[in-house]
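Report on the structure
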Number of protein chains: 4
Amino acid sequence: MKALVTGFDPFGGDKVNPSSLAVSRLSKKIGKVAVATAVLPTSYARSAGVLREAIDKAKPDIVLCVGQAGGRPELCLERVGINVQDARIPDNDRKQPIDVPVRADGPAAYFSNLPIKACVAEMRKAGLPAVVSNTAGTFVCNHILYALMDIIETHPRRMRGGFLHIPYVPEQAARLGGAPSMAVDDIARGIEIIVATSAARTTDIHTAEGRIS
Amino acid sequence: MKALVTGFDPFGGDKVNPSSLAVSRLSKKIGKVAVATAVLPTSYARSAGVLREAIDKAKPDIVLCVGQAGGRPELCLERVGINVQDARIPDNDRKQPIDVPVRADGPAAYFSNLPIKACVAEMRKAGLPAVVSNTAGTFVCNHILYALMDIIETHPRRMRGGFLHIPYVPEQAARLGGAPSMAVDDIARGIEIIVATSAARTTDIHTAEGRIS
Amino acid sequence: MKALVTGFDPFGGDKVNPSSLAVSRLSKKIGKVAVATAVLPTSYARSAGVLREAIDKAKPDIVLCVGQAGGRPELCLERVGINVQDARIPDNDRKQPIDVPVRADGPAAYFSNLPIKACVAEMRKAGLPAVVSNTAGTFVCNHILYALMDIIETHPRRMRGGFLHIPYVPEQAARLGGAPSMAVDDIARGIEIIVATSAARTTDIHTAEGRIS
Amino acid sequence: MKALVTGFDPFGGDKVNPSSLAVSRLSKKIGKVAVATAVLPTSYARSAGVLREAIDKAKPDIVLCVGQAGGRPELCLERVGINVQDARIPDNDRKQPIDVPVRADGPAAYFSNLPIKACVAEMRKAGLPAVVSNTAGTFVCNHILYALMDIIETHPRRMRGGFLHIPYVPEQAARLGGAPSMAVDDIARGIEIIVATSAARTTDIHTAEGRIS
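Residue numbering note: each chain is counted from 1, following its sequence as written. Lettering of chains starts at A and numbering of ligands starts at 1, both following the order in which they are written. At least 70 in pLDDT is required for a residue's local features to be given in this predicted model, at least 80 for side-chain atom pairs to be given and counted, and no such filter applies to totals for whole chains, interfaces and linings, which use all residues. Excluded from the side-chain calculations are hydrogens and water; all other atoms, namely the structure's heavy atoms, are used.

1. Some thoughts on the relation of the copies chain C and chain D
Here the copies are matched by least squares. The fit uses the C-alpha atoms of residues with pLDDT of at least 70 in both. The transformation that overlays chain C on chain D combines an axial shift of 0.0 Å with a rotation of 180°, and the residual RMSD is 0.0 Å. Taken together, the rotation angle and the small translation identify this as a two-fold axis. Contacts are assigned to residue pairs with any non-hydrogen atoms lying within 4.5 Å of each other. In this assembly, 100% of the residues forming the interface of chain C have copies in chain D that are likewise at the interface, indicating an isologous arrangement.

2. So, the relation of the copies chain B and chain A
By a simple turn and slide, chain B fits onto chain A: the slide is 0.0 Å along the axis, the RMSD is 0.0 Å, and the turn is 180°. Take the interface residues of chain B: 100% of them recur as interface residues in chain A, which is what a same-surface contact looks like.

3. Comments concerning the UniProt feature "active site" (unreviewed entry) in chain A
UniProt annotation of "active site" (unreviewed entry) refers to Glu-78, Cys-141 and His-165 of chain A when read in the numbering used here. Look at the named residues: they lie 88 residues apart in sequence, but the longest C-alpha span between them is just 10.1 Å, so in the fold they bunch up. With respect to the helices and strands, Glu-78 of chain A occurs in strand β5 (residues 75–78). Not counting chain neighbours up to four residues away, the residues in contact with Glu-78 of chain A comprise Arg-72, Ser-112, Ile-116, Ser-133, Asn-134, Thr-135, Ala-136, Leu-145, Phe-163 and His-165 of chain A. Of note, His-165 of chain A is situated in strand β11 (residues 160–166). Excluding residues that lie within four positions of it along the chain, His-165 of chain A makes contacts with Gly-67, Gln-68, Ala-69, Arg-72, Glu-74, Leu-75, Cys-76, Glu-78, Ala-136 and Cys-141 of chain A together with Ile-212 and Ser-213 of chain B. UniProt positions are given in the numbering used here, feature names are shortened, and annotations may be inferred rather than shown by experiment. Numbered from the N terminus, helices here are DSSP runs of H or I no shorter than four residues, and strands are runs of E no shorter than two.

4. Quick look at the side chain of Asn-83 of chain D
Tracing the sequence through the fold places Asn-83 of chain D in the loop between β6 (80–82) and β7 (85–86). What qualifies as a polar contact is a pair of N or O atoms within 3.5 Å, subject to a donor-acceptor requirement within protein and to the restriction that residues adjacent in sequence count only when both atoms come from side chains. Here Tyr-146 of chain D takes part through its side chain, which lies 3.4 Å from a polar atom of the side chain of Asn-83 of chain D. Leaving out residues up to four positions away in the same chain, Asn-83 of chain D has contacts with Phe-111 of chain C together with Pro-101, Val-102, Arg-103, Gly-106, Pro-107, Ala-108, Ala-109 and Tyr-146 of chain D.

5. Regarding unusual backbone geometry
Residues other than glycine seldom take positive phi values, yet Lys-59 of chain B does so here, at roughly 50°. Within the fold, Lys-59 of chain B resides in the loop between α2 (47–58) and β4 (62–68). Its identity is not glycine, yet Asp-99 of chain D carries a phi of approximately 55°, on the positive side. Secondary-structure assignment places Asp-99 of chain D in strand β8 (residues 98–100).

6. Regarding the pairing of strand β11 (residues 160–166) of chain B
All names here are of chain B. By the criterion of burial, β11 is predominantly enclosed, with seven of the seven residues buried. Of the two faces of β11, the one carrying Arg-160, Gly-162, Leu-164 and Ile-166 and the one carrying Gly-161, Phe-163 and His-165 are both buried. Pairing analysis gives seven bridges linking β4 to β11, with the strands arranged parallel. Residue pairing for β11: Leu-64 is matched across the bridge by Gly-162. By the bridge criterion, two bridges tie strand β5 (residues 75–78) to β11 in an arrangement that is antiparallel. Bridge pairing links Cys-76 to His-165 in β11. When a residue's accessible area, from a 1.4 Å probe over protein chains only, is under 20% of the maximum for its type it is buried; when over 50% it is exposed; and in between it is partly exposed. Paired strands, in this sense, are two strands between which DSSP finds at least two bridges.

Structure below.
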């Protein structure tokens, strides 16, 4: 079985994107799963193309995209990507789309088809703070989750995919002040658990992880 | 022009639901818009039926459902309802669905078709903290937003609809401790601005209100 | 019995200070207590002098100073003022003292001698979110609490005094985004309850309001 | 030069106290500073006695007590301990003092005499989120900071002392949900930086680290 895990390049003035830092530390083999990695540009226009190329090259069964969610205290496995782009800041191409769909004729949303609750449960068992999130925002992270599931929907290969939002790393929080953070090693460990859990099972566990609001 | 505004009955042990409190204070006429109101049960099984009956009775052009989002500091106008029910606590029928769709063969999500950004801009101009939200959670609030837009999609009447999540009222925060709150009069004022703005325009303004994550 | 309640003038770029807004709405008579008010400059060098003049003019039995604590969701009745000035931003005289004591030979701290827990309990009974706070920061608010208690310590009149930190008002939160707020009328109501409760009793109630950290 | 660093035993139902976990990982030698460690009971009645014994045994020049501040996202070096005990939960002796002073005839507060701002600056340079805090709460952590500085005030040895509040470790946050955390290794690294910085200098740097409120 093969997995592709992607991070993003830095954006918004940061010199480093912890998603790529964490992805670069992954083992090449997680259990019996061979792991390929790629770095996506933080670009509405280019990220999905780079992702598709990486998929066609790696031929993965599982795809996990990873991006930064500054301010969140936990590893957030996303449930859904929505068909909208609404950028509060410009992306790395200096583009700032407002209320433009990811795919003009696409469905309103795609759900991740990884066993997200089983993954969250396994991360917690391993001592990692993790949660199911119901919004990936409206920036490039949501864009790529939507685009990934859209690729999967139409691709000849059968694949499963999802998106992990990660906290700041301590170095960033030290500069910013007042924000929660997580050690890169713990983030990498979380990613490995998601890959291993997703490889081990196709159905999810039946447990409440929803939010009232 | 006619508007229907709904609140919910109390849930989760609370004696009062501020959404109904606020709705009960609305003027019967907001500008030239006649306002009808209804209270929906906090029930996955029954809320959409009561909403449909209220729609058929009031024959509104605009429907705004209002619900409580305890812990949020602002008036949150929701962008999207997703096709999932994942209840952390039982609803008022003691039902707690997990990962069950709102409508088995429905689309993954529906977007609100109110001019949500124009509404948020007008609320802010009036001195009310307001924001576009990208998740209505997975409890009955999200359920009713999805169900509302599904009704609108298939209904012979042309309608527009949306959902407003509101903070605790001060009386609740006084009991709970540490939570933000908003005066009922300010919540009611926010609702009236949404109704008036939605009546005045069908297209939205072009301004970034997205979130990075 | 007489009370003096003070607010501050605006600082940090704001056009209005909600502490003065709330103070200006107070009744002149709260129960049998005659209420005088004053506005203090947000100035390390001048605020205590203006406060002392207001005290000498009003001859109060109770003094409550009120200031803004942007970001806090509740009415925060302060327990203690510490003998330090450490300014993250300049005051209204463009002074920014760092680690300078309020009074060079003064004690390390002064405790408020209002019945702060009884006041908090009464505010909650009236449906207002309120809490005992253990830090008034290190800006002019802490300065004036320390200076007030220092004046009381050495003044020939027997007085009791304290400090209330209040949230943003909704108009501020609407501009800032993401911050909790409280209606000015609710803030004014909280102040009146503190004055009335402090007038009615000199000893405090025996109830835990501490914090673990 | 010698340093004594203390942690606390678990309290409030937790099985482990990360302060002791972190302290147990410290090097025995930080630069030229010999490091002794001790575990204090989470007890108002007993903690100061155990601390004094550890001081008399270790004969340190620098004393740093470490305790948990669940919910805080950063390493918080405390500025001041206040002369009050106000327990929201019982300590490990099932005692819950309310508004009782640490020392009946003691001063209202003691300031730490470590170079707290230099320590915070060095931790940040090392990529660790850190901040000066102005309240240690009113539970046993504040108690021991006050008691430590009181011991130092009256002890024949010249010592300097302070208190570090630390976040949850990831294992705790994984159980609790929604809380920020920090890896134990990063916490231990922060402690070593505080010890090294305090050994290297007796005066603090002149930089604003105060809070407005």
